[in-house]
Amino acid sequence: MGTARLVRNAVGNASNEILNLVNDYSVHCNTVSMSKVNDDLKLKLSEIINTPVLDTINGSTIGTSTAKHETIFANNYVNFENIDVIGFDLDYTLVTYTVELQRLIYDMAKELLINTYGYPDSLAKLNFNPDFAIRGLCVDKTNGVICKMSHLQRIGQRFAYLGRKPLSAEQIEDFYGEFRTISSGDIDQMKPLNDMFAMAEACLIADVIHTLEVKKDSYGELYEAPTVVDDILGAIKDVHISGAMHGAVLEDPARFIKPSPHLRDMLVRYRKAGKQLFLCTNSGVVYAEAAIKYVLGDTEKGHDDPTYRNESWRQLFDVIICSANKPTDFFYGKKPFRQWVESTGAPSAVPIKSLQSGVIYVNGSVKALRRATGWNSRRVLYVGDNLFADLTEARKTHGWQTACVIEELHDEISITRTHEFNQLYQMRVAVRHLINDIQHHIENRIGNLPSNTYIEGVDIEHTTNSTAEEFAQFQSQFRTPLDAQIITDLEYQLHHINRLMSSCFNQQFGSAFRTDGSPSMFAFAVKR
């Protein structure tokens, strides 16, 4: 059964349960105000279930929103006229990849675990699942848990997995305490997965841990989670730095690299607008040049605009930097640039102080870049996909403006426009209003008690002068068990609706931007 049908069925079931709960409570109360609440609820739920969704969320008409998937969302005011220089990362920024790249990384790292790290051959049966993880998760390097945290560093109550099994509330409490909060002193044990390359990493950790957990439960074979996580992270790193992954991509670029038919037009448009452009990537020269040539297409075939017909990709950038080693060397260090020598296939031994268009440089640093170009840091915009490797230090340390490429927004925006999601959204709004109405009903009932009412030393005539504790005690005497139960039951329904909304994005971890109703750590980092 598809997700859409599951959601429709769940909406219908939840609606019936809520109506039954409120109807029973209304009969018990036997008041005009509660009867009206019940009647209004029936009408609202009927509209949600039977009427096409045409209401609005945040001012946009559902299903007819003018927001495009390609929209640029601004967290801070940026006047583009004040931007003189635009820089770009390469991977998942100018060059984007199919899911096959994640599968390749997963399989290569898995083979390394077996052949180099000594893991059992049974791991060979593991397969990459592109639907398991999302960006913005964390790997607990101590316990091997994959989880999603809120911006308050709190573990999501439904978003923690040991292997492929979700942890129960009790298990999460065992790992992280009653409040599920990671202290500042322990935060280093949580490795963030903030770029698209990390999807294979998360999946492989979960699969290997799951395999070892099954062996532990079946045969009593113990394992050390910190060692396993370190080995997997090491294998993933080996895949990246060995060149094996890049070699496989270049052997079959059509399989791994997505076409980008508008990229050249965008770069040329910026140049015509007077912007200076630079490329700054951690990728090596050979791979970076081959990848960007592929996405730009064969320039020898020409283009409709004769002003850049047959123009080399290098001429599109004022500065080209490869092997930058962001963030460590490039943002923190003082390394000079070295020129890439085509004839030797290696960088020059002599440091470079001035930079020329059309020439490829390696290493370097922001300080060296500023000295060589004279660019005003406040008039530089840098575009990348990795919050920490590309953007955080560029903004905090060097004052650049930054833009983050988040492919997931395309899917998440599409999901929020579906009829099923908006049924859930309106159902959630209705239940929240319902809880508020019932709470008002209870308060009004207490407020209308006779003035000579007297309970445990607190009379209603003088409650305004009593302490808050006394007044709360007074109110509690007139809240029946059914009052408490209806609120508890409706809050349960509200949590159920929230879980359904979350599962619309990802069955395991929900939206990349929310955790238990709060901004996720990833969303908070993006906003910063």
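Residues numbered from 1 in each chain as written. Predicted model: local features only at pLDDT ≥ 70, side-chain atom pairs only at ≥ 80, totals over all residues. Heavy atoms only, no water.

S.K.: Lay out the nonpolar core with the relevant residues and their values.
M.R.: Residues Leu101, Val208, Phe278, Phe317, Phe330, Leu369 and Trp400 are the most contacted members of the largest nonpolar core, which totals 119 residues. It is helix H5 (residues 198-219) that provides the largest number of residues to this core, a total of eleven residues. Leucine 101 has contacts with Tyr92, Phe197, Met245, Val249 and Phe256, leaving out every residue within four places of it along the chain. Formed by 32 residues, the second largest nonpolar core is a distinct cluster that contains Val7, Leu19, Val22 and Val37. (Core = buried A, V, L, I, M, F, W, Y, C linked by side-chain atoms within 4.5 Å. Buried < 20%, exposed > 50% of the residue type's maximum accessible area, 1.4 Å probe, protein only. Helix = DSSP H or I, 4+ residues; strand = E, 2+ residues; numbered from the N terminus. Contact = heavy atoms within 4.5 Å.)

S.K.: Go over the environment of glutamine 339, please, and point to the residues and values.
M.R.: Tracing the chain through its elements places glutamine 339 in strand E11 (residues 337-341). Between the C-alpha atoms of glutamine 339 and valine 350, which are eleven residues apart in sequence, the distance is 8.2 Å. Each residue touching glutamine 339, except ones within four places of it in the same chain, is listed here: Ala346, Pro347, Ser348, Ile352, Val359, Ile360 and Tyr361.

S.K.: I'd love a proper account of the sheet that holds strand E4 (residues 137-140), names of residues and values included.
M.R.: In spatial order, the strands read E7-E6-E5-E4-E8; together these five strands make up an open sheet with antiparallel pairing. Of all strands in the sheet, those with a lone pairing partner are strand E7 (165-166) and strand E8 (190-193), marking the two edges. With four bridges joining them, strand E5 (residues 145-149) and strand E6 (residues 155-162) adopt antiparallel strand pairing. Paired with cysteine 147 across the two strands is alanine 160, which belongs to E6. Against the sheet, helix H4 (residues 169-176) touches E4, E5, E6 and E7, its axis set at about 85° to E6. (Pairing = 2+ DSSP bridges. Axes fitted to C-alpha atoms, helices over the stretch in contact; angles between N-to-C directions.)

S.K.: Please provide a residue-by-residue account of empty space enclosed by the protein, values included.
M.R.: Overall, the coordinates contain one cavity of 30 Å³ or more when judged by the stated rule. Roughly 50 Å³ of internal volume is contained in the largest cavity. Looking at the largest cavity, the residues that line it are Val366, Leu369, Arg370, Thr373, Trp375, Ser377, Val380 and Trp400. Residue contributions to the lining of the largest cavity peak at four residues, all from helix H12 (residues 366-373). Its residues assigned to classes, the lining of the largest cavity shows five nonpolar, two polar and one charged. (1 Å grid on protein atoms, 1.4 Å probe; cavity = no way out; pocket = protein on both sides within 12 Å on 5 of 7 lines; lining within 4 Å. Points joined across faces, edges and corners; volume = space filled by probe spheres on them. Nonpolar A, V, L, I, M, F, W, Y, C, P; charged D, E, K, R; others polar.)

S.K.: Outline helix H6 (residues 225-242), supporting the account with residue identities and numerical values.
M.R.: Between its terminal C-alpha atoms H6 stretches 25 Å, which fits the 26 Å expected from 18 residues at 1.5 Å a residue. In this structure, the buried side of H6 is in contact with helix H3 (99-115), E4, E8, H5 and helix H7 (244-251). Once H6 ends, the next one or two residues include glycine 243, with phi positive near 90°. (Expected span 1.5 Å × (residues − 1).)

S.K.: Account for a positive patch on the surface, with residues named and values stated.
M.R.: Taken together, the side chains of Lys334, Lys353, Lys367, Arg370 and Arg371 define a basic patch exposed on the protein surface. Structurally, lysine 353 is set in the loop between strand E12 (346-352) and strand E13 (360-363). Accessibility expressed as a relative area gives 77% for lysine 353, which makes it exposed. (Patch = residues over 30% accessible without salt bridge, like charges linked within 9 Å, V, L, I, M, F, W, Y side chains within 5 Å. Areas by Shrake-Rupley, 256 points an atom, 1.4 Å probe, with all protein chains shown as cover. Salt bridge = Lys/Arg side-chain N within 4 Å of Asp/Glu carboxyl O. Lys, Arg positive; Asp, Glu negative; His and termini not counted. Charge placed at Lys NZ, Arg CZ, Asp CG, Glu CD.)

S.K.: Outline the packing of H6 against H7, supporting the account with residue identities and numerical values.
M.R.: Contact geometry of H6 with H7 gives a least axis separation of 4 Å together with a crossing angle of 55°. Our classification of the angle between H6 and H7 gives oblique. Taking contact as the criterion, the partners of Val239, His240 and Ser242 in H6 are, on H7, Ala244, Met245 and His246. Within the contact of H6 with H7, the residues separate by chemical class into three nonpolar, three polar and no charged. (Parallel < 35°, antiparallel > 145°, perpendicular 65-115°, else oblique.)

S.K.: I'd love a proper account of the packing of aromatic side chains, names of residues and values included.
M.R.: If you walk through the whole model with that rule in mind, you get 19 aromatic pairs. With centroids separated by 6.0 Å and ring planes inclined at 40°, the aromatic side chains of phenylalanine 80 and tyrosine 270 adopt a geometry described as tilted. Remark: tyrosine 270 occurs in helix H9 (residues 263-272) and phenylalanine 80 occurs in the loop between strand E2 (60-61) and strand E3 (85-88); sequence separation between them is 190 residues. Ring centres of tyrosine 92 and tyrosine 97 lie 5.1 Å apart, and the angle between their planes is 65°; this geometry places the pair in the edge-to-face category. For the pair shown, tyrosine 92 and tyrosine 97 are each scored as buried. Aromatic rings pair up to connect Phe278, Phe330, Phe331, Trp375, Tyr382 and Trp400 into one cluster. Directly above the ring of phenylalanine 159 sits lysine 148, whose terminal nitrogen or CZ lies 4.1 Å from the centroid. (Phe/Tyr/Trp six-rings, centres within 6.5 Å; stacked < 30°, edge-to-face > 60°. Lys NZ or Arg CZ within 6 Å of the ring centre and 35° of its normal.)

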